[in-house]
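Here's the letter readout for the chains.
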Amino acid sequence: MVMTTVKLPEYGMFIDGEYTPAESGEMFEVINPANGQPCARVAKSDARDVDRALRSARRAFESGEWSRAKPDERAKVLMRFADEIVAHAQEIAFLEILTSGATVRRVSNADLLLIVDLLQQTAKFAQEYEYAKTLPLRPFPQPSHNQVWREPVGVCAGITAWNYPLILAMWKLAPALAMGNSIVIKPASNTPLSTLKLAELAVKAGLPKGVFNVVTGPGSSVGEALVTHPEVDKIAFTGSTQVGKRIMQLAAQGVKRVTLELGGKSPAIVLPDVDLDLAIPGILFGVFLHSGQVCECGTRVIVHEAIYEDVVQRLAETASRIRIGNPLDEKVGMGPIISETQLKTILGYIESGKQEGARLVCGGSRANVPGLEGGYFVEPTIFADVDNRMKIAQEEIFGPVLAVMKAKDVDEAIRLANDTVYGLAGGVWSRDLNQAYRVAREIRAGTIWVNDWHMFRSDAPFGGYKMSGFGREIGRYALDEYTQLKHVHASLVHEVENRHWYSIVLPDRA
């Protein structure tokens, strides 16, 4: 029998408008999590490549071709960029699914639509943005003309996680570009391909070379080189709270501006008047989307004691019907976990839930998918009777594991919801909107869904409270994060002896 070796596709970094190899010539393999096999080879950057990318971004910024272009001109390029994404949607979707394990239903019906809409809406917001504001004329200290200007920050660094490569890249890319900045993005090593494709399409749409660069490689070396580089003016990071803390430490050395979107342990409060036919699939969608690998997943469900056992039973029965398998299959509801390392982490948390006394009512094991035996699949897992002090209730698992807790009343539910170091998102399931809004007001988190989950809008902000980070992404609210404020004062007093400061500086002449 003759063995044949399939040559993997190879990708360089994207610097100064073109694909380029790493200075070292090294490459690393990207793994398809559905089968555990390599699917591509990508340039392995180091500090030299980071320096090259950032200097390209700085040259592009200082040239003024993009940074000083009129908002309408930048908006036109962003709109063409959105058109290019639509034209190459099938290829982009395939790259996203191949490397992240996202289902084809999710990428095609949500992710691609979201990034196109975000680009288009951000282009519109940039045209309407107030770049200069004239302050009212005041007699004190003396008559003067004063303006407050919004200007681009300069060179930005974006570091994205592996769970939503396209969306997370666009959350940083769209506002940075709209405001005239240059940007270098480092995607996660597991999922670099779709971000590289975005850079290629941006240049094709008319973005000047060097304005958008992509470096690929390990976060421990490439990410740190990016964050500490003197050419970086702002950092936007999505990932774990632990890494976010490290980025804050490194950024402090250069007094760099930082936006952090970090971990979460989001609570979903279920009130006794709830419509369970709506809430049960909604709760499961909230926690099992992308196999639970979403920072704002509703991983803690707090249920009123009057309906507790009914909710637990119905959650388990419905979850057992979720189809696990090849993410390219349109009938599959849950794909694989991103890596073998993450698979082991999730199984370790499941074991800790058992040992700490939680009641396992669904799942709890690695899933076997025929034909994809090497893939990293985990069954939808639900624990009931969870104490909020347990590891599965307090630590971010980043997998398909739901912790269900009981509350005797609304006040206890709110207390449990807020008893966490995180504050990224939360939700309320109730027929009574007035009651739901009251609960939403009390939950300490940046996004609250009522009778829904995972719903994002291009004109609504996203970001966290507490250890879930700070700063906001998406839409109008993100534009401020990518600008500097400048105050310009022009005196309207022309005679030197009438200046406010004249008698202070030269009292003998006053």
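In what follows, the structure referred to is the one given above.
Residues numbered from 1 in each chain as written. Predicted model: local features only at pLDDT ≥ 70, side-chain atom pairs only at ≥ 80, totals over all residues. Heavy atoms only, no water.

Would you mind going over the environment of Val42 with me for this structure?
In this fold, Val42 is placed in strand β5 (residues 37-43). In contact with Val42, not counting residues within four places along its chain, are Tyr11, Glu26, Met27, Phe28, Val30, Pro192, Leu193, Leu196 and Thr216. (Helix = DSSP H or I, 4+ residues; strand = E, 2+ residues; numbered from the N terminus. Contact = heavy atoms within 4.5 Å.)

For this particular structure, what's the right way to read the pairing of strand β13 (residues 267-270)?
Regular strands show a simple pattern: their side chains alternate between the two faces of the sheet. Side chains Pro267 and Ile269 of β13 all project onto a buried face; the interleaved residues Ala268 and Val270 project onto the opposite face, where all are buried too. Judged from the 4 bridges that link them, β13 and strand β14 (residues 300-304) form a sheet pairing that is parallel. Within the sheet, the bridge partner assigned to Ile269 lies in β14 and is Ile302. The β-α-β motif built from β13, the intervening helix α9 (residues 276-288) and the parallel element β14 has right-handed crossover chirality. Strand direction decides the pairing type here: β13 and strand β19 (residues 425-429), joined by 3 bridges, are parallel. Residue pairing for β19: Ile269 is matched across the bridge by Val428. (Buried < 20%, exposed > 50% of the residue type's maximum accessible area, 1.4 Å probe, protein only. Pairing = 2+ DSSP bridges. Right-handed = clockwise from strand over helix to strand, strands pointing away.)

Which parts of the structure should I look at to understand helix α6 (residues 193-204)?
Every α-helix carries 3.6 residues per turn, so stepping three or four residues along brings you back to the same face. End to end, α6 covers 17 Å across 12 residues, agreeing with the expected 16 Å (1.5 Å per residue, within 8%). When you tally the buried positions in α6, you get 9 out of 12 residues, the bulk of the element. Taken as a whole, α6 has its buried residues at Leu193, Ser194, Thr195, Leu196, Lys197, Leu198, Ala199, Leu201 and Ala202. After α6 finishes, the residue Gly206 shows a positive phi value of roughly 115°. (Expected span 1.5 Å × (residues − 1).)

Can you help me understand the pairing of strand β7 (residues 144-152) in this one?
Pairing analysis gives 3 bridges linking strand β6 (residues 132-134) to β7, with the strands arranged antiparallel. In the strand pairing of β7, Lys133 is matched with Val148. The pairing of β7 with strand β23 (residues 483-491) spans 9 bridges and is classified as antiparallel. What sits directly across from Glu151, in β23, is Gln484.

Quick question: what am I supposed to make of the environment of Ile322 here?
Residue position: Ile322 is located in the loop between α10 (308-319) and α11 (340-355). A relative accessible area of 23% means that Ile322 is categorised as partly exposed. Considered as a pair, Ile322 and Gly333 are 11 residues apart in the sequence and their alpha carbons are 6.1 Å apart. The residues touching Ile322, leaving out its near neighbours within four places in the chain, are Phe288, Met334 and Pro380.

Sorry, what's going on with the packing of helix α2 (residues 71-87) against α6 here?
Angle between the axes and distance between the axes are the two parameters that describe a pair of packed helices. Running from N to C, α2 and α6 point in directions that differ by 125°, and their axes come no closer than 8 Å. In terms of orientation, α2 and α6 fall into the oblique class. When the axes of α2 and α6 are compared, the crossing they make is right-handed. For the pair α2 and α6, the contacting residues are Phe81, Glu84 and Ile85 in the first and Leu198, Leu201, Ala202 and Lys204 in the second. Here the contact of α2 with α6 is composed, by residue class, of 5 nonpolar, no polar and 2 charged. (Axes fitted to C-alpha atoms, helices over the stretch in contact; angles between N-to-C directions. Parallel < 35°, antiparallel > 145°, perpendicular 65-115°, else oblique. Left-handed = near helix turned anticlockwise from the far one by under 90°. Nonpolar A, V, L, I, M, F, W, Y, C, P; charged D, E, K, R; others polar.)

Even after reading the chapter, I still don't get the nonpolar core, so can you show me in this structure?
For soluble globular proteins, nonpolar side chains are generally found buried alongside one another. Counting residues in each nonpolar core, the largest one holds 74 residues, and the members touching the most others are Phe81, Ile85, Met170 and Phe212. No other element matches helix α5 (residues 165-178), which puts 11 residues into this core. Those residues within four positions of Met170 in sequence are excluded, and the remaining contacts are Phe81, Ile85, Ile115, Leu118, Leu119, Pro175 and Leu198. In this structure, Ile269, Phe383, Ile397 and Leu416 belong to the second largest nonpolar core, which totals 31 residues. (Core = buried A, V, L, I, M, F, W, Y, C linked by side-chain atoms within 4.5 Å.)

Before we go on, may I ask you to explain the sheet that holds β13 in this structure?
Neighbouring strands of a sheet are bound in pairs by backbone hydrogen bonds; such pairs are parallel or else antiparallel. Spatially, 7 strands are ordered β15-β16-β17-β14-β13-β19-β20 in an open sheet, and the strand pairing comes out mixed. Each having just a single partner strand, β15 (359-362) and β20 (447-450) make up the two edges of the open sheet. The sheet shows a mean angle of 25° between the axes of neighbouring strands, direction not considered. Relative to strand β16 (residues 381-384), β15 runs antiparallel, the two sharing 3 bridges. Looking at β16, one finds that Cys362 is bridged to Ile382. Contacts from helix α13 (residues 410-418) reach β13, β14 and β17 (401-407), with the element oriented near 170° to β14. Across the sheet, helix α14 (residues 433-442) is in contact with β13, β19 and β20; its angle to β20 comes to roughly 160°.

Honestly, the layout of surface pockets in this entry has me stumped. Any pointers?
Left-over empty space is what a probe sized like a water molecule reveals as it rolls over the atoms. When its volume is computed, the largest pocket comes out at roughly 1000 Å³. Taken together, 43 residues make up the lining of the largest pocket; nearest its centre are Trp162, Phe237, Gly239, Ser240 and Val243. Listing elements by their share of the lining of the largest pocket, those giving two or more residues are α7 (219-228), β11 (234-238), α8 (241-253) and α11. The dominant element in the lining of the largest pocket, judged by the number of residues it contributes, is α8, at 7 residues. In this structure, the second largest pocket spans a volume of roughly 760 Å³. Lining the second largest pocket are 39 residues, with Arg106, Tyr164, Phe285, Leu289 and His454 sitting closest to its centre. Of all the secondary-structure elements, those providing two or more residues to the lining of the second largest pocket are α4 (104-128), α5 and α9. The greatest single-element share of the lining of the second largest pocket, amounting to 8 residues, is contributed by α4. (1 Å grid on protein atoms, 1.4 Å probe; cavity = no way out; pocket = protein on both sides within 12 Å on 5 of 7 lines; lining within 4 Å. Points joined across faces, edges and corners; volume = space filled by probe spheres on them.)

What exactly am I supposed to notice about the pattern of salt bridges here?
If charged atoms from side chains of opposite charge come close, those side chains can pair. Tallied over the entire structure, the rule returns 30 salt bridges. Here Glu62 makes a salt bridge to Arg58, at a shortest N to O gap of 3.5 Å. Placement of the pair is Glu62 and Arg58 together in helix α1 (residues 47-63), with a separation of 4 residues, close to one helical turn. Overall, Glu62 belongs to the partly exposed group, its relative accessible area being 47%. With a relative accessible area of 16%, Arg58 lands in the buried category. Here Lys172 and Glu473 are joined by a salt bridge, their closest N and O atoms 2.9 Å apart. Within this pair, whereas Lys172 is found in helix α5, its partner Glu473 is found in the loop between β22 (469-470) and α15 (475-479), the two being separated by 301 residues in sequence. Through salt bridges with shared partners, one network takes in Asp51, Arg55, Arg58, Glu62, Glu231 and Asp233. (Salt bridge = Lys/Arg side-chain N within 4 Å of Asp/Glu carboxyl O.)

Honestly, that's just the spatial picture; any functional story needs more than this.
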